[in-house]
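Understanding the architecture of this molecule
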Amino acid sequence: MGEEPNDARPEPADRIPGGDASHQNQNQSQNQNPQQGQVQGQGQNPAPPDPRAAPSPEAPPWAPVRPAAAPGTPAAPPPPERPPATPTLAFGPPPQASGQPAGQPSGQQSGPPPGESSGAVPVGAGAAAPDYSYGYPRSGPATAPGYGPPPGYGPPGYGPPGYGPPPGHGVQPPAQPPGPANPAQAAAIGLLNLSGLGLGYVLLRNWIGAVLCWLATAALLVVALPADVDGVPVGVLVGYGVFLLAAAADGFRRGLRATLRIGAAFRRLALPLALVLLAVPAGGSLAYGAARDEAKEQALLARLTTADERVKSGQGLLFERAEPLYRLALATYQDLGTKHAGSRAGKLVPARLDAYYEQLSAPYAKKDYCKAVAPLTHLRGLSGAVDKDLLGTRPAKTDEPLAESLYECGTAALGVQAADPPAEKSLNALLDTFPESDHATRVEPAVRAAVKTRSTAVDGATPCEAVVELRTIRTTVGALPGADFDGAARETSTAIEKGDFACGTSQFRSKDFDDAVTTMTQFAKDHPSSPKAAHARSIAIAAEIADEEAEAGKALPPAKAPGGSRMVMVVSNDGPGSVELLYTGPTTGRITLNACATCTKYPNPIFEGSKKIKACTGPSSKYPKATLLLPAGNYHFLQKRAGTGTSSAGDTKTSKAKIEPGYSYTNCLYVTSGF
């Protein structure tokens, strides 16, 4: 059987008549008589040529083999220079070794029937069409030119190059064998993936892997940016790191035997480029670290600003109200100055502490000593609450201002009853905190000076105010420690005794009889051994009478009773209930008469037709009596009868009497009633 040269091209199937003849011819009997394509001018039937015989050297490789002509036979016309472009397909099994085509009955003569030409005649000159009988010699009429299977018909791989079904049609072609291992290329691809940009997958044209790398890096950027103090969560960093290592390992595996569609020059640059691109995550980490550090600095500066605002907001407030704000600000200063000393905020803390001390010491600078005590005490106590290295010598500088403030505040409060804080609180704090200071040694002289000043004021126009201050000083001195203040305590008590009496007399003269009664009564109780105790009691009695009869308070009762003769006055109680009789005049005193058991109230003269009351007319023994020895003079009396079933408590009655020398007097006390 013959084979077409590689440059032969078949005619299109739609231009070959009877394109399906090959399918029909395969089923026809080999003894069928030919209908067309007989060779003209041949009278013999030469033996068919051996299909395995080589073509003549003179003939072109594509020319069919022709048998030799019998002697005397005219020569056949020469074949054309090139046969028609009709392919000779190599379908079917190879010829049998015996020369007999497969499938032919045994004993059947091969070759064409009698009268047929056995040589191949060129197509187009009345010759038979090429044989499509799978390489077998067949008898029967030749098919017309152009018949047979369409170009590319048959299993893949058969026929001349360029023919057959398109790629991908039918059976899958065998996979391309992997190339040789290239560790350098694999390392470059793995390192390119390790950069987080997925460039290794891009070289491998693995777009899914590249997109995954891009998504992972984008997710990390979304979580990390903008940089904050807390940074990226550890879980996110660990997950991203594991993903990059997995991508690098996968890229190494894929790139070990992959064939890259890049030039040789770029292959040589891939590994150095991968190493250079490792600077992307490293540089990103450094840049993120710098951004995070800056975020930390800004956060620390913001905390410092907040602390400054708290300190500033305490201006103008009482220290007790502002102290919580100061404590919070100090806690921030300490944290910044110790744990973040190298930060920009930490380096500003010393200046902030100086400003803090200056603000809290402002009352001392203004000589508002009592107001300065609390903040100065706070500043001095910071050495036990704030880092000592951070504070330095600042607390020690507050000792002298605090001692001075305690002294000035305490001595200024001496004698001030409503002082806040009281004098004893400030002075005790001074003596306890700075016992060896100059200010502590000045406390006792200052107390004595205050007592002397008030004692002098007792003789002035406002003795009552002076004695109140003296009592306050006595409380202060009693609260001070040690025996150094015993002398001051004695001086204070003497001044108070003097002041109480002076206050009572001042009240009597000022017609404040109620206050005078209270003051003088208390004086007599507080100072029973005082030489002025009896006079104080007389003033109290006179003030009590004067409170009912103002005329009795024109003058203070004398401190001592006058000498000379004394007249007897017998006082009887002709009324229900006991009665207390107060009198004042040249002498002052009080007596109490017991109740009269059989005595009753007398009718009021108005209701009895102006009849004169005849009291104390019964037997003398019937009435309780008392005898008074009175110097001559004018007296005021006040009877205060106790309450009974027929009279109310507090019944009072005033009267006057003139006692003359040489006489004796009786005074009958009775009660009248309008019913």
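As shown above, the structure is provided for reference.
Residues numbered from 1 in each chain as written. Predicted model: local features only at pLDDT ≥ 70, side-chain atom pairs only at ≥ 80, totals over all residues. Heavy atoms only, no water.

1. As for the sheet that holds strand β6 (residues 633-641)
Applied cut-off: Paired strands, as defined in this entry, are two strands with at least two bridges between them according to DSSP. Helix and strand assignments follow DSSP, with helices taken as H or I runs no shorter than four residues and strands as E runs no shorter than two, numbered in order from the N terminus. Working convention: axes come from line fits to C-alpha atoms, limited for helices to the stretch in contact. Angles between N-to-C directions cover 0 to 180 degrees. Throughout, a residue-residue contact means that at least one pair of heavy atoms, one from each residue, lies within 4.5 Å.
An order of β3-β2-β6-β7 is seen for the four strands of this open sheet, with the pairing classed as antiparallel. Two strands lie at the open edges of the sheet, namely β3 (589-593) and β7 (651-659), each paired on one side alone. Shown here is a sheet whose adjacent strand axes are inclined to one another by a mean of 20°, direction ignored. Alignment of β6 against β7, held across nine bridges, turns out to be antiparallel. The residue of β7 that forms the bridge with Gly633 is Ile659. Of the strands in this sheet, β2 (579-584), β3, β6 and β7 touch helix α21 (residues 533-548), which is tilted by about 100° from β2.

2. Remarks on unusual backbone geometry
Condition: For each residue, the accessible area found with a 1.4 Å probe, counting protein chains only, is set against the maximum for its type, and the residue is called buried under 20%, exposed over 50%, and partly exposed in between.
The step from Asp420 to Pro421 runs through a cis peptide bond, and the omega angle for that step is 5°. As for its position among the elements, Pro421 is in the loop between α14 (399-412) and α15 (423-433). In this structure, Arg205 takes a positive phi of about 60° despite not being glycine. Positionally, Arg205 belongs in the loop between α3 (199-203) and α4 (207-224). With relative accessibility at 48%, the residue Arg205 sits in the partly exposed group.

3. As for the pairing of β2
Burial within β2 is extensive, with five of its six residues counted as buried. Here β2 runs beside β3; their pairing, made up of five bridges, is antiparallel. Along β3, the bridge assignment pairs Tyr583 with Gly589. Taken together, the six bridges between β2 and β6 define a ladder with antiparallel strand orientation. Looking across to β6, one finds that Tyr583 is bridged to Phe637.

4. Here we look at the pattern of salt bridges
Here is the rule: Each salt bridge in this description consists of a side-chain nitrogen of Lys or Arg and a carboxyl oxygen of Asp or Glu lying within 4 Å of one another.
Counted under the stated rule, the structure contains 18 salt bridges. Linking Glu469 and Arg454 is a salt bridge whose minimum nitrogen-to-oxygen distance equals 2.6 Å. Of the two residues, Glu469 sits in helix α18 (residues 463-479) while Arg454 sits in helix α17 (residues 443-458), which places them 15 residues apart along the sequence. On the basis of relative accessible area, Arg454 is assigned to the buried category, the value being 16%. The partner of Lys656 in a salt bridge is Glu551, and the shortest N-O contact between them spans 3.6 Å. Of the two residues, Lys656 sits in strand β7 while Glu551 sits in the loop between α21 and β1 (566-574), which places them 105 residues apart along the sequence. A residue is classified by how much of its surface remains accessible, and Lys656, at 57% relative accessible area, is exposed. In this structure, a network of salt bridges that share partners links the residues Glu544, Glu580, Arg590 and Lys640.

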